[in-house]
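# Inside the fold
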Amino acid sequence: MINWLGRNTTSQGPGGLAPLDPLDLGTRPRALADAMPDLMVEAKNLAASLLAGLHGRKRAGSGQSFWQFRQYGSGDASSRIDWRRSARGDALFVREMEWESAHTVRLSVDMSSSMRFASPDAREPKRDRAVVMALALAAMLTKGGERVGLIGGERPKTGHAALNTMALELITRDTDKSGKLRWSDMTAVKPREDVIILSDFLFDEESRSGLVEQLVARGARAHLVQIVDPVEEAFPFKGRMRFQPLSKNSNDITAGRAESWQQPYQVLFRAFTDELRQIARARGWSHTVSHTDRPAATPLLNVHEALSRARDR
């Protein structure tokens, strides 16, 4: 699968699209440095709205957050007795702390040229959707005490420092002019760490296989987040169309009657998505699709729940 920019070469354009250069509007998103303040606000609001509906499961263990009092029992150390609470009655009480185990989650955001694409039907370019989801996930995870960071970036952090570090690193990566920046070296990934990949995955099969092999070799639990523009899935073109590749490694393709390509193209795209889903399922990973013409809340919640399930296993 290759990401293409479609240009109508006749006087009649596809339904719902302008007759000339129907997709050209979305191929030049503003620089990430300019967009980042808005994206950061959107990510924090999204994370806050989802966290408000989630109820964390607490259990006793080693940690710093108070959970509950319970009566002193045999086997409890006397140093754990809370004398202030015990003075209120005849029984002795100990303080139980909430179980805490800081986990590391690493994210990889595809910043290549195909991710800068957006059709008129999309709410935002695929790059912006991936960035918002990455920052929102970081906000949700750090709220729970997890360590979060970008693959190939600084050491994973907790709290607001994690979000600020990720935002600066993403801005730096967006300045890459080659259009090829997808993945960083994954040697820092440790076994059983969670790795979230946000991408359209529209690159050659050899590169996809290489990515999977790296994740398997590191013993990671991966979560594939497939970012899809509605035009990439629907192929709504009609009439004579010239398709220009968003990479410089391919030639233009001209369709005399683009509508005749729609059905076979949709079959191929569904097969491509199914392949990604099977890759994830076969390895116990998760796969989520985020359409840029729909809200990000549902796929974001799916990823968060997949992380929770992976931790429980």
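This text follows the structure it describes.
Residues numbered from 1 in each chain as written. Predicted model: local features only at pLDDT ≥ 70, side-chain atom pairs only at ≥ 80, totals over all residues. Heavy atoms only, no water.

In this section: the packing of helix α1 (residues 32-51) against helix α3 (residues 126-143). Orientation of α1 relative to α3, taken along the N-to-C sense of each, is 45 degrees, at an axis distance of 8 Å. With respect to α3, the element α1 is oriented oblique. Here α1 and α3 pass one another in a crossing that is right-handed. Along the contact surface, α1 presents Leu 32, Ala 35, Met 36, Leu 39, Met 40, Glu 42, Ala 43, Leu 46, Ala 47, Leu 50 and Leu 51, while α3 presents Arg 127, Asp 128, Val 131, Val 132, Leu 135, Ala 136, Ala 139, Met 140 and Lys 143. Residue composition of the contact of α1 with α3, grouped by class: 16 nonpolar, no polar and 4 charged. (Axes fitted to C-alpha atoms, helices over the stretch in contact; angles between N-to-C directions. Helix = DSSP H or I, 4+ residues; strand = E, 2+ residues; numbered from the N terminus. Parallel < 35°, antiparallel > 145°, perpendicular 65-115°, else oblique. Left-handed = near helix turned anticlockwise from the far one by under 90°. Contact = heavy atoms within 4.5 Å. Nonpolar A, V, L, I, M, F, W, Y, C, P; charged D, E, K, R; others polar.)

With that settled, the discussion passes to the sheet that holds strand β10 (residues 286-291). Read across the open sheet, the 5 strands follow the order β5-β4-β6-β7-β10; overall the sheet is parallel. Bordering the open sheet on either side are β5 (147-150) and β10, each of which pairs with just one other strand. The mean inter-strand angle of the sheet, taken between neighbouring strand axes irrespective of direction, is 20 degrees. Sheet topology note: the strand β4 (residues 104-109)/β5 ladder contains 4 bridges and is parallel. In the sheet register, Thr 104 faces β5, and the bridge partner there is Arg 147. Across the sheet, helix α4 (residues 159-174) lies against β4 and β5, angled at about 10 degrees from β5, the strand it touches most. (Pairing = 2+ DSSP bridges.)

Turning to α1, a few remarks are in order. At Asp 38, α1 is deflected by roughly 30 degrees, the largest bend along its length. Regarding α1, the residues found buried are Leu 32, Ala 35, Met 36, Leu 39, Met 40, Ala 43, Leu 46, Ala 47 and Leu 50. (Bend = angle between axes of the 7 residues up to and from the residue. Buried < 20%, exposed > 50% of the residue type's maximum accessible area, 1.4 Å probe, protein only.)

This part covers the nonpolar core. Counting residues in hydrophobic clusters, the biggest one holds 40 residues, and the most contacted among them are Leu 107, Val 109, Ile 196 and Leu 198. Of all the secondary structure elements, the ones that give two or more residues to this core are α1, β4, α3, β5, α4, β6 (194-199), β7 (221-228) and α8 (297-312). Here this core gets 12 residues from one element, more than from any other, and that element is α3. Those residues in contact with Ile 196 that sit more than four places away from it in its chain are Val 105, Arg 106, Leu 107, Ser 108, Leu 137, His 223, Val 225, Val 303 and Leu 307. (Core = buried A, V, L, I, M, F, W, Y, C linked by side-chain atoms within 4.5 Å.)

Keep in mind these values describe shape, not function.
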